[in-house]
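So the chains spell out like this:
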Amino acid sequence: MIGFVSVDKPKGWTSHDVVASIRRASAIRKVGHAGTLDPMATGLLVVAVGPATRLLRYVQGADKEYVAVARLGVATDSLDADGRVVSEAPLPVTRAEVEAALPGFRGAIEQVPPMVSALKRDGKRLYELAREGKEVEREPRPVTIHALEVIEITDGSFPELTFRVACSKGTYVRTLADDLARSLGGRAHLIALRRTRIGTMTVQGAIDPTDLTSASLEGALVEPAEVLDMLPHVVVVGPTAERVLSGRPVDPEGLEVVPARVSPPGDAHPDDVAILDGNGRLLAVYRSSGTRLLPRIVLPV
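What counts as what
- The residue count restarts for each chain, going from 1 along the sequence in the order it is written.
- Local features are withheld for residues below a pLDDT of 70 in this predicted model, meaning they are given only at 70 or higher, and side-chain atom pairs are given and counted only at 80 or more; totals for whole chains, interfaces and linings count all residues.
- Side-chain metrics in this entry use all non-hydrogen atoms of the structure; hydrogen atoms and water are not considered.
- Counting from the N terminus, the helices are DSSP H or I runs at least four residues long and the strands are E runs at least two residues long.
- Three exposure classes are used, based on accessible area relative to the maximum for each residue type with a 1.4 Å probe and protein chains only: buried under 20%, partly exposed in between, and exposed over 50%.
- Contacts are assigned to residue pairs that have any heavy atoms within 4.5 Å of one another.
- In this count, Lys and Arg are taken as positive residues and Asp and Glu as negative ones, while His and the chain termini are left out.
- One atom stands in for each charge, and that atom is NZ of Lys, CZ of Arg, CG of Asp or CD of Glu.
- Residues grouped as a nonpolar core are buried Ala, Val, Leu, Ile, Met, Phe, Trp, Tyr and Cys residues, joined through side-chain atoms within 4.5 Å.
- Think of it this way: DSSP has to see at least two bridges between two strands before they count as a pair.
- Only C-alpha atoms enter the line fits that serve as axes; for helices the fit covers just the stretch in contact. Angles between N-to-C directions range over 0 to 180 degrees.
- A side-chain nitrogen of Lys or Arg and a carboxyl oxygen of Asp or Glu constitute a salt bridge if their distance falls within 4 Å.
- In protein, a polar contact means a hydrogen-donor-capable atom and an acceptor-capable atom, both N or O and within 3.5 Å, with residues adjacent in sequence counting only if both atoms are side-chain atoms; elsewhere, any N or O pair within 3.5 Å suffices.

J.: Which residues make up the overall build of the protein chain, and what values go with them?
T.: Broken down by element type, the protein chain carries eight helices and 17 strands. The buried share among the 301 residues of the protein chain stands at 46%. Long-range contacts, defined as pairs at least 24 residues apart, comprise 70% of the intrachain contacts of the protein chain with a sequence gap of at least 6. In the protein chain, the 36 positive side-chain charges and the 38 negative ones have mean positions that sit 6 Å from each other.

Given below as C-alpha cells:
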C-alpha cells in the first residue's frame, strides 16, 4: 500500500490521532502527515502511507486554504478557543470596516508566531515554554496571503467574523485574525478553523478517520504521481526505466519534459523532476544537473 489519502480531521482529534488510525487500518507503520492541525481545528489532513512518506516535503510546502471564525473583542493567550482569556473589550465593527482593513493583510506580510506554537527556541517548543508561564521574544516571519475575504460577520459588541484565507506554508491563521482585529482597534481569537485545501488536494470527498477499514483506506489512496503535479515530469520506458529503478543517473537527451500543472511549493528545488513510467506511475524524483538527471528519491517497485 503506497500513496496519499485526504482525511477530514474531526474536532478534538490530534494529527497524531489521525496517523494512528491510518496505521491501524493499513497495518503499516510508515505513515506521516503534511501540516499539523490543532485539536480545535477540523478539515483536510493529507496523510502519506508507506514509501510515499518520503514525498511529504512537496505537500508540506504547498499553499493552504482555510475557513475561520474569529470572535472580535476577546483575546486568549493561545489566540484560539482553547486558551485563557487575557483581554475583553467590545469591538462592534461593521463588515465595511473589516473589508477596508483587508488589503493591508494581502500579499507578502510578516507575522510574529504565537507562543503556543511548535517552533523551537533553545531546544524547546514554544508551547512548552508557554506552559511554564514563560514568554520569549519571537522574530517576525515572512508569509504570503494569496486571498483573504469576509464570508459574514454578526452584529453586536463582540462580533463573530467568518473569513476565507488562502496562504503560504507557515501562516498562522489565529495570528492573522488577531492582527486584523488590532488594526481595527481591538483583539480577537479563533473559535473555529477548517482547512479546505492543501495544494491541489481538497477536503471534498476526504475520508472519516473514525470508521476506517483496510478496504476503505485502499479505495481512498491517491497515486503519488497525481499529488506531485507541482513538479515537471518525464516518462521513461525500457532500459531508461530500469536505470531509474536502480537509482542510476539518466541522460535527459530525447526525453520530453512536461511542465508542472501548478506552481511548485516554495521549498521545492527548481530542478526537481518527477519520473513516470509508461502507465503514469511515479518511479522517482530526480534533479536536473547539467547534462544528467540525478536521483533524489527512488520509490520501490
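Now, onward.
J.: Describe the environment of Leu276, listing the residues and the values that go with them.
T.: One can find Leu276 in strand E15 (residues 272–276). Sequence separation between Leu276 and Val236 is 40 residues, and the spatial gap between their C-alpha atoms is 6.2 Å. Excluding its chain neighbours within four sequence positions, the residues that come into contact with Leu276 are Ala225, His233, Val234, Val235, Val236, Arg281, Leu282 and Leu283.

J.: How would you summarise the nonpolar core if you had to cite specific residues and measurements?
T.: Of all hydrophobic cores here, the largest spans 32 residues; its most connected members are Leu72, Val98, Phe163, Val165 and Leu190. Elements with a minimum of two residues in this core: strand E4 (64–72), helix H3 (95–101), strand E10 (141–153), strand E11 (160–167), helix H5 (173–183) and strand E12 (188–198). Among the nonpolar cores identified, the runner-up in size contains 26 residues, and Ala48, Ala52, Ala225 and Leu276 belong to it.

J.: Residues and numbers for the sheet that holds strand E17 (residues 292–298), please.
T.: By way of backbone hydrogen bonds, the strands of a sheet pair with one another, either parallel or antiparallel. Strand order across the open sheet formed by four strands is E14-E15-E16-E17, with mixed pairing between neighbours. Each edge of the open sheet is held by one strand with a lone partner, namely strand E14 (233–235) and E17. Within the sheet, the average angular offset between the axes of one strand and its neighbour, ignoring direction, is 35 degrees. As paired elements, strand E16 (residues 282–289) and E17 share six bridges and run antiparallel to each other. Bridge pairing in E17 links Arg287 to Leu294.

J.: Could you give an account of unusual backbone geometry, naming the residues involved and the relevant values?
T.: For Ala27, which is not a glycine, the phi torsion comes out positive at approximately 60 degrees. With respect to the helices, strands and loops of the structure, Ala27 is situated in the loop between helix H1 (15–26) and strand E2 (31–34). The exposed category is assigned to Ala27, whose relative accessible area is 71%.

J.: Outline the pairing of E10, supporting the account with residue identities and numerical values.
T.: Two strands pair when backbone bridges link them, and strand E7 (residues 107–111) and E10 are joined in this way by five bridges, in the antiparallel orientation. Residue pairing for E10: Gly107 is matched across the bridge by Ile145. Bridging between E10 and E11 involves seven bridges; their strand directions are antiparallel. The residue of E11 that forms the bridge with Ile145 is Cys167. Between the end of E10 and the start of E11, which pair antiparallel, lie six residues, with Gly156 showing a positive phi angle near 120 degrees.

J.: With reference to specific residues and values, describe the pattern of salt bridges.
T.: Overall, the coordinates contain 13 salt bridges when judged by the stated rule. Arg194 is paired through a salt bridge with Asp8; the nearest N and O atoms lie 2.8 Å apart. Of this pair, Arg194 sits in strand E12 while Asp8 sits in strand E1 (residues 3–9), and the two are 186 residues apart along the sequence. Arg164 serves as the salt-bridge partner of Glu65, at 3.1 Å between the closest nitrogen and oxygen. Here Glu65 is found in strand E4, whereas its partner Arg164 is found in strand E11, with 99 residues between them in sequence. Several salt bridges converge on common partners, so that one network encompasses Glu65, Glu149, Arg164 and Arg197.

J.: Can you break down the side chain of Ser21 residue by residue, with the values?
T.: Along the chain, the position of Ser21 falls in helix H1. A distance of 2.8 Å separates a polar side-chain atom of Ser21 from the backbone oxygen of Pro209.

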